[in-house]
Amino acid sequence: MAGPRVEVDGSIMEGGGQILRVSTALSCLLGLPLRVQKIRAGRSTPGLRPQHLSGLEMIRDLCDGRLEGAEIGSTEITFTPEKIKGGIHTADTKTAGSVCLLMQVSMPCVLFAASPSELHLKGGTNAEMAPQIDYTVMVFKPIVEKFGFRFNCDIKTRGYYPKGGGEVIVQMSPVKQLNPINLTDRGCVTKIYGRAFVAGVLPFKVAKDMAAAAVRCIRKEIRDLYVNIQPVQEPKDQAFGNGNGIIIIAETSTGCLFAGSSLGKRGVNADKVGIEAAEMLLANLRHGGTVDEYLQDQLIVFMALANGVSRIKTGPVTLHTQTAIHFAEQIAKAKFIVKKSEDEEDASKDTYIIECQGIGMTNPNL
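Residues numbered from 1 in each chain as written. Predicted model: local features only at pLDDT ≥ 70, side-chain atom pairs only at ≥ 80, totals over all residues. Heavy atoms only, no water.

Visitor: An account of the side chain of T290 is needed here, citing residue identities and associated values.
Guide: Following the sequence through the fold, T290 ends up in the loop between helix 6 (270-286) and helix 7 (293-305). Overall, T290 belongs to the buried group, its relative accessible area being 1%. Among the polar contacts listed, one links the side chain of T290 to the backbone oxygen of L183, at a separation of 2.8 Å. Once residues lying within four places of it in the same chain are set aside, the contact partners of T290 are L183, T184, D185, R186, C256, L257, F258 and K313. (Helix = DSSP H or I, 4+ residues; strand = E, 2+ residues; numbered from the N terminus. Buried < 20%, exposed > 50% of the residue type's maximum accessible area, 1.4 Å probe, protein only. Polar contact = N/O pair within 3.5 Å; in protein donor to acceptor, adjacent residues only side chain to side chain. Contact = heavy atoms within 4.5 Å.)

Written as structure tokens, this is what we have:
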């Protein structure tokens, strides 16, 4: 089973937790022993943080692997994977570390498990520097399911910075193989909708103000569509701590989904939070791609594993995406080509096609 160790430099390119997530997931899937050095070397707090540690421990538990060097502040780990098994697995960041990032690292692995899995993920559901759980459910889920699998995501409790305390339960069954995807036809925007939330002690007026400011901002650019942003007061028993934020989704005639989102911070007025999300959405609609800048890198691992050629059309290729491609090529030996889109309607825009010849990963257990 164990071949020579794959050596990964954790300080190159994006140089953060993402390298760990991509490399350990691929190591686990392919049964390749791994060593990652210089973990988060350039960050203000180098080495593993609590949320990275909980992700690593989760992958270890998913496959009964061996993990060495895994402690807070460590800049080097070695990981020796074994067979991926299904069943119930719990990961707790014990902080506001993102449950969405825990899902990102574990999902490709449990797709190739021996039996169905139930993941209990605890931490922040709506946290900075990570996708919000609403994004994961409303955008990531419907698009990633095009690879030919389904999963269920039940938000039990929402958790915010700095305490966390949220919990999400993800259920999924294994697949034999993943289908390639072709997302190159953007279509036209048909719907814009979203939710603006407050939780804990924050007044409901904050949710209404965020929603109203976002709608005004979008109306300046898109006049012919009804923009439906619901203000929401999170129920007390389903939210831990205080928080506010907004997510706005645009849906197109071909089923593409784009998002803009923002979280409130102390001292930032509600209008500003709403406008920030609206501007992010509008920017993602300008580039002519079929996915927004946050979905790009989340699809790379699935494209690498799929059985055949996948294509996605994107705006400018992000550093996260370049990093994911680099390690998918190094570890999984998938082949990627990134080129400028040649379509007429994209001529004036910064639009690219990311094409991948997937490795056709087959589940040995099915």
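Visitor: Can you lay out unusual backbone geometry for me, pointing to particular residues and giving the numbers?
Guide: Omega for the peptide link from Y161 to P162 comes to 0°, which places this bond in the cis form. A positive phi is found at M129, a non-glycine position, where the angle reads about 60°. For M129, the location among the structural elements is in the loop between strand 6 (117-123) and helix 4 (133-144). Since its relative accessible area comes to 78%, M129 is described here as exposed.

Visitor: Tell me about the domain arrangement of the chain, and please be specific about residues and values.
Guide: Looking at the assigned domains, one finds that the chain contains domain 1 (6-183 + 291-359) and domain 2 (189-285). Centre-to-centre, using C-alpha coordinates, domain 1 lies 26 Å away from domain 2. Taken together, the 23 residues of domain 1 in the interface contact 24 residues of domain 2. Contact between domain 1 and domain 2 buries roughly 1900 Å² in total, counting both sides, with carbon and sulfur atoms accounting for 62%. Three residues stand out in domain 1 for area buried against domain 2, namely Q132, M138 and Y160, and they jointly supply 30% of the buried area on that side. Linking domain 1 with domain 2 are three salt bridges. With a shortest N-O distance of 3.4 Å, R158 and E234 are connected by a salt bridge. The tally of links from domain 1 across to domain 2 stands at seven residue pairs in polar contact (both at pLDDT 80 or more). For the side of domain 1 that touches domain 2, the secondary-structure elements that each account for two or more residues are helix 4, strand 7 (151-159) and helix 7. It is helix 4 that provides the largest number of residues to the side of domain 1 that touches domain 2, a total of six residues. (Domains from an automatic or database assignment. Buried area = accessible area lost by both parts, 1.4 Å probe. Salt bridge = Lys/Arg side-chain N within 4 Å of Asp/Glu carboxyl O.)

Visitor: How would you explain the sheet that holds strand 13 (residues 243-252) if you had to name every residue and give the values?
Guide: Pairing between the strands of a sheet is mediated by backbone hydrogen bonds and can be parallel or antiparallel. One open sheet holds the four strands; their spatial order is 11-10-13-14, and the pairing between them is mixed. Since the sheet does not close on itself, it has two edges, and those belong to strand 11 (227-233) and strand 14 (257-263), each with one partner. Averaged over all neighbouring strand pairs, the angle between strand axes comes to 15°, with direction disregarded. Strand direction decides the pairing type here: strand 10 (residues 189-199) and strand 11, joined by seven bridges, are parallel. Looking at strand 11, one finds that Y193 is bridged to N228. (Pairing = 2+ DSSP bridges. Axes fitted to C-alpha atoms, helices over the stretch in contact; angles between N-to-C directions.)

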